[in-house]
Amino acid sequence: MKNFLNVLSVSVATMIGMGALASCEDEAIGLGNNVIGGEALGNAKALDVIAYNDTVDTIRTDRFVLQNATLGVYKEPVFGSTSSKFYGQLRPEGIGNRDFGKEVKVDSVNLYLPVFYSSSKTPVSRDTINLTNPGKKSIDTDTIMITTKFAVDSLYGNKDATMTLNVRDINTVLYRDTKYFSKLDGSQSPITVNSPIIGTATIGKTVTNKVVKVKTGTSNIFAETVGYKVTLDKNYFYDKIVKNGNTGLLADHATFIRENIKGFEFSVGESDGFIINFNPNNISLNMYYSYKNPTDKKPTDTAYKERLSGTYGFEFKNQWNATIGSNVLVNQIKNEFAGTTFGNAVANPNKTGGDVRLFLNGMSGSSVKVKFNQSQIDLLKSDVAKGAVITGAKLKFFIDDAYSFPKPPYLVAWNSYTKDGKSINELYSDVLDFYNSYPTSVHFNPIVTGKTDYYTIDITKHLKSMLEKGNAFENQEMVVTMGNFITSISDATTINSTNPYQNNRAYNPYRIVLHGNKSEVEAKKLKLLVYYATK
């Protein structure tokens with residue numbers, strides 16, 4: 001799961017230069033004389049907050065957020081069941097009417113659904129076959145086939161399970177400018193499908209890659225896309241492609257996706273297993289066909305072939321590709337959690353006093369709301385007026401280790417408040433104004449790995465703006481959710497948008513339970529930790 005989530009980061013040197021050095025571990029910090037001049041003492045205050053489990057949200061699950069996509073289903077007793085179907089448009093790589101020849105036969109149609117895997121780790125297995133002299137030890141000039149099995153790196157749930165991947169074609173035209181959302185029960189789906197399955201495959205924790213090459217050659221004769229291989233119905237493609245070679249249905253992309261093949265649905269047949277994460281841009285689909293040689297054989301043609309072969313390819317590229325494509329992509333996610341621990345927490349939040357535990361499930365659209373204690377902030381404001389300098393402000397969300405969920409790398413948050421009677425949701429200035437660079441240094445929401453048992457949301461600049469500049473945010477709440485902001489395809493060190501809803505929770509299957517402000521464990525209660533210096 002480590003290959004599909006991104007990071008926000010910041011240079012420590014930059015933080016010092018901007019006067020925002022804060023300790024992640026100590027409850028008090030000491031600042032050098034050069035920071036504010038003269039002798040300085042480090043102090044810390046733990047301000048009260050109210051944090052509660054908010055209503056599960058309808059989330060947008062289209063090209064706006066789907067840098068990656070998901071499919072599958074996973075169920076466990078704490079958060080319940082999450083299932084996901086993927087819908088994607090496809091277009092011929094070479095658009096235009098096509099003469100496929102005479103006596104055309106579709107030999108095979110292969111689709112590869114790419115998944116994240118680790119090529120640097122030792123493969124699960126690797127076998128080599130001598131194609132030139134089968135059964136014999138290969139020599140340098142022999143053509144060989146290398147079959148390598150890799151462990152899938154982007155699977156969440158029961159990693160030993162296998163599921164049935166089904167592919168169907170859809171009946172609904174998908175439009176690029178339409179917004180697609182996922183609600184709790186899946187009833188929102190505007191997409192209908194034809195019932196016949198046109199392809200199926202068993203998927204699990206490994207993927208196989210085949211490469212054909214000369215043993216000592218430096219290039220490949222043939223190389224499969226690494227992913228789940230799905231063999232599609234040859235008759236379907238004969239009817240949709242070969243028969244329509246000169247009907248105009250292959251003439252242009254608009255006609256193709258509106259009147260011929262509108263797109264495919266990818267789903268699983270089981271009710272429990274795992275959720276897989278993949279990049280739709282890298283889906284590979286080729287139709288291999290053969291046809292009668294249009295040239296008559298001559299006596300001198302020693303290598304004459306009665307039938308010739310061809311390939312007709314398709315692409316699934318969308319706006320998140322380096323060379324931007326126009327294909328529409330949609331996930332439809334369904335969550336069922338009635339009667340679960342998570343469901344009860346969401347149905348009965350303590351909005352006035354705060355909750356004991358906080359529950360986050362990325363693909364459910366769940367979030368936590370955090371309210372600050374305004375009276376305590378006002379008292380701190382009076383300290384600032386007397387010369388105190390705010391040097392740090394952060395919240396620590398401690399993980400409840402009684403649960404055994406894999407540790408998500410990130411949480412993300414934004415500011416929600418009212419301005420001129422309108423609801424505003426925007427990124428904190430700590431995201432926008434600090435030097436944030438993916439993935440090595442972090443200011444706002446550091447990555448959590450190893451033995452670290454808490455998540456940090458740093459709002460130093462935001463708090464300073466309230467205490468030192470008098471900025472006010474009416475009805476202010478922090479919205480905390482699973483995941484991170486999406487990064488730009490042209491520069492993976494920067495976030496793609498200032499819209500806080502452009503984050504990766506729609507394809508983030510992680511689940512986590514955190515200590516709230518009412519936790520019975522005093523040391524792990526959620527607080528707003530404020531660090532300041534006085535002369």
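Residues numbered from 1 in each chain as written. Predicted model: local features only at pLDDT ≥ 70, side-chain atom pairs only at ≥ 80, totals over all residues. Heavy atoms only, no water.

Re the environment of Gly 313
Okay, step 1: Along the chain, the position of Gly 313 falls in strand β20 (residues 307–315).
Okay, step 2: Judged by relative accessible area, which is 10%, Gly 313 ranks as buried.
Okay, step 3: Not counting residues up to four positions away in its chain, the partners in contact with Gly 313 are Arg 91, Pro 92, Glu 93, Leu 285 and Asn 286. (Helix = DSSP H or I, 4+ residues; strand = E, 2+ residues; numbered from the N terminus. Buried < 20%, exposed > 50% of the residue type's maximum accessible area, 1.4 Å probe, protein only. Contact = heavy atoms within 4.5 Å.)

Focus on the nonpolar core
Okay, step 1: Within the largest apolar cluster, 118 residues are counted, with the highest numbers of intra-cluster contacts made by Phe 264, Met 287, Val 370 and Phe 397.
Okay, step 2: Apart from the residues lying within four places of it in its own chain, the contact partners of Phe 397 are Leu 358, Val 370, Leu 411, Asp 453, Tyr 454, Tyr 455, Ile 457, Val 480, Leu 514 and Leu 526.
Okay, step 3: Within the second largest apolar cluster, 7 residues are counted, among which are Ile 170, Leu 174, Tyr 180 and Ile 191. (Core = buried A, V, L, I, M, F, W, Y, C linked by side-chain atoms within 4.5 Å.)

What to know about the packing of helix α6 (residues 374–385) against helix α8 (residues 460–468)
When two helices pack together, their arrangement is given by the angle between the helix axes and by the axis-to-axis distance.
Okay, step 1: For the pair α6 and α8, interaxial distance at closest approach is 9 Å and the crossing angle is 70°. Here α8 runs roughly perpendicular to α6, going by the angle between their axes. Across the interface between the two elements, Ile 377, Leu 380, Lys 381 and Val 384 of α6 pack against Leu 463, Met 466, Leu 467 and Glu 468 of α8.
Okay, step 2: Grouping the constituent residues of the contact of α6 with α8 by class yields 6 nonpolar, no polar and 2 charged. (Axes fitted to C-alpha atoms, helices over the stretch in contact; angles between N-to-C directions. Parallel < 35°, antiparallel > 145°, perpendicular 65-115°, else oblique. Nonpolar A, V, L, I, M, F, W, Y, C, P; charged D, E, K, R; others polar.)

Remarks on the pairing of strand β26 (residues 422–426)
Okay, step 1: Bridge count for strand β25 (residues 411–419) against β26 is 5 bridges, and the pairing is antiparallel. Counted as the bridge partner of Lys 419 is Lys 422 from β26.
Okay, step 2: Between β25 and β26, which pair antiparallel and follow one another directly, the connecting turn spans 2 residues, one of which, Asp 420, has a positive phi of 55°. (Pairing = 2+ DSSP bridges.)

A closer look at the sheet that holds β25
Okay, step 1: Spatially, the 5 strands line up as an open sheet ordered β2-β23-β28-β25-β26, and their pairing is antiparallel. Each end of this open sheet is capped by a strand with a single partner; those strands are β2 (49–53) and β26. When the angles between neighbouring strand axes are averaged without regard to direction, this sheet yields 25°.
Okay, step 2: Pairing of β2 with strand β23 (residues 367–372) involves 5 bridges; the strand directions are antiparallel. Paired with Val 49 across the strands is Phe 372, a residue of β23.

Remarks on α8
Okay, step 1: Burial of α8 is extensive: 7 of the 9 residues sit out of reach of the surface.
Okay, step 2: Within the span of α8, buried status applies to Thr 460, His 462, Leu 463, Lys 464, Ser 465, Met 466 and Leu 467.
Okay, step 3: Gly 470 sits one or two residues past α8 and shows a positive phi near 75°.

Points about the packing of aromatic side chains
Okay, step 1: In this structure the tally under the stated criterion is 23 aromatic pairs.
Okay, step 2: Between Phe 79 and Phe 342, the aromatic rings sit 4.9 Å apart at their centres with planes inclined by 40°, giving tilted as the arrangement. In this pair, Phe 79 is assigned in the loop between β4 (69–76) and β5 (80–88) and Phe 342 in helix α5 (residues 341–347), connecting sequence segments 263 residues apart.
Okay, step 3: Here Phe 342 falls in the buried class, since its relative accessible area comes to 0%.
Okay, step 4: With a centroid separation of 6.1 Å and 35° between ring planes, the pair formed by Tyr 289 and Tyr 291 is classed as tilted.
Okay, step 5: Tyr 289 sits in the buried class, given a relative accessible area of 7%.
Okay, step 6: A network of ring pairs unites the aromatic residues Phe 100, Tyr 236, Phe 237, Phe 256, Phe 264, Tyr 289, Tyr 291, Tyr 312 and Phe 314 as a single cluster.
Okay, step 7: One residue, Lys 396, lies across the ring of Tyr 454, its end atom 4.8 Å from the ring centre. (Phe/Tyr/Trp six-rings, centres within 6.5 Å; stacked < 30°, edge-to-face > 60°. Lys NZ or Arg CZ within 6 Å of the ring centre and 35° of its normal.)

Observations regarding the confidence of the model for the chain
In regions of low pLDDT, the predicted coordinates are not meant to be interpreted in detail.
Okay, step 1: With 90% of its residues at a pLDDT of 70 or more, the chain shows a mean pLDDT of 89.
Okay, step 2: Note that residues 4–41 has pLDDT below 50 and, in this model, 111 contacts with residues that lie over four places away or in other chains. (pLDDT = per-residue confidence, 0-100.)

A short note on the pairing of strand β18 (residues 274–278)
Okay, step 1: A large share of β18 lies buried, amounting to 5 of its 5 residues.
Okay, step 2: Residues Phe 274, Ile 276 and Phe 278 point to one face of β18 and Ile 275 and Asn 277 to the other, with burial holding for every one of them.
Okay, step 3: Across 4 bridges, β4 lies against β18 in antiparallel orientation. Bridge pairing in β18 links Gly 72 to Ile 275.
Okay, step 4: Pairing geometry for strand β10 (residues 155–157) and β18, over 3 bridges, is antiparallel. Counterpart to Leu 155 in the pairing with β18 is Ile 276.

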